Amino acid sequence: MRTHGWSGSAPATDEEAISRILVAASKAIDARGADFSISDVARTLGVTRQTVYRYFPSTDALLIAAAVHAASGFLDRLAAHMRGITDPADAIAEAVATALEWLPEDKHLGLLIMPGQPNPHTESVTSDVALDFGHSMVRRFDVDWTGLGYTDADLGELVEHLLRIIQSFVIDPGRPPRQGVELRNYLRRWVGAAIRPSVEATSAPRTPTTHLG
């Protein structure tokens, strides 16, 4: 860890340095939105841009990390909203619909996924960072994934699928866009239909069909 800069109070570890960079980035996003720069963050911390680049290779990388860093509040609100929904298809439909409704109003996550507006950051929807966010979201549901036969690998594929669904609505929300009950019914019918058979398959193996010929 280098000791110069940092406004005279150098972080003790790389983890502390990253935490302080993310806090500064969050403040910059609050003030300037997606127009913030590495220079803004460096200036706030009293370090050079090269110091910030040691931890984040680009402004986009820092933006994504700062958004996820600030996502705990979003996840807490979503978990509270989803409390008591134990059916996996209902939970998925409500979570995706609610996320699409809330994301445009979220100062940080809204920069990554802005419904109706193609965004250069949406290409990261299946990045490791985005997948970690998706895992955190799904595991907060009141759904007994283990009891339903889901393995970690199954949940990994489910998270990827949900992120891709969200991305598709972000890029093209429809004409006219589905909202409210209509959106939830659509998701429950088509996304939920893809989930239920996988649960049944894990709990009741199919008997091979004998073909006579």
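Residues numbered from 1 in each chain as written. Predicted model: local features only at pLDDT ≥ 70, side-chain atom pairs only at ≥ 80, totals over all residues. Heavy atoms only, no water.

1. With respect to the confidence of the model for the protein chain
Detailed reading of the predicted coordinates is not advisable wherever pLDDT falls low.
Reasoning step 1: The pLDDT averaged across the protein chain works out to 82; a share of 81% of its residues lies at or above 70.
Reasoning step 2: When the elements of the protein chain are averaged for pLDDT, helix α7 (residues 109-112) gives the smallest value, 66, and helix α3 (residues 49-53) the largest, 94.
Reasoning step 3: The model gives residues 197-213 a pLDDT under 50, and that stretch makes five contacts with residues more than four places away or in other chains. (pLDDT = per-residue confidence, 0-100. Helix = DSSP H or I, 4+ residues; strand = E, 2+ residues; numbered from the N terminus. Contact = heavy atoms within 4.5 Å.)

2. Focus: the packing of helix α5 (residues 72-82) against helix α6 (residues 88-102)
Reasoning step 1: Packing of α5 against α6 brings their axes to within 11 Å, and their N-to-C directions diverge by 135°. Classified by the angle their axes make, α5 and α6 are oblique. Considering the relative orientation of α5 and α6, their crossing is right-handed. In this structure, α5 contributes Phe74, Arg77, Leu78, His81 and Met82 to the contact, and α6 contributes Ala91, Glu94, Ala95, Thr98, Ala99 and Trp102.
Reasoning step 2: By residue class, the composition of the contact of α5 with α6 is seven nonpolar, two polar and two charged. (Axes fitted to C-alpha atoms, helices over the stretch in contact; angles between N-to-C directions. Parallel < 35°, antiparallel > 145°, perpendicular 65-115°, else oblique. Left-handed = near helix turned anticlockwise from the far one by under 90°. Nonpolar A, V, L, I, M, F, W, Y, C, P; charged D, E, K, R; others polar.)

3. What about the packing of aromatic side chains?
Reasoning step 1: What the rule picks out here adds up to four aromatic pairs.
Reasoning step 2: Ring geometry for Trp145 against Tyr150: centres 5.0 Å apart, planes inclined by 80°, an arrangement best described as edge-to-face.
Reasoning step 3: For Trp145, a relative accessible area of 6% corresponds to the buried category.
Reasoning step 4: Where Phe169 meets Tyr186, the ring centres are 6.1 Å apart and the plane angle is 85°; that geometry is what we call edge-to-face. With Phe169 in helix α9 (residues 152-171) and Tyr186 in helix α10 (residues 180-203), the pair connects residues that are 17 residues apart, well separated along the chain.
Reasoning step 5: On the basis of relative accessibility, which here comes to 11%, the residue Phe169 falls in the buried class. (Phe/Tyr/Trp six-rings, centres within 6.5 Å; stacked < 30°, edge-to-face > 60°. Buried < 20%, exposed > 50% of the residue type's maximum accessible area, 1.4 Å probe, protein only.)

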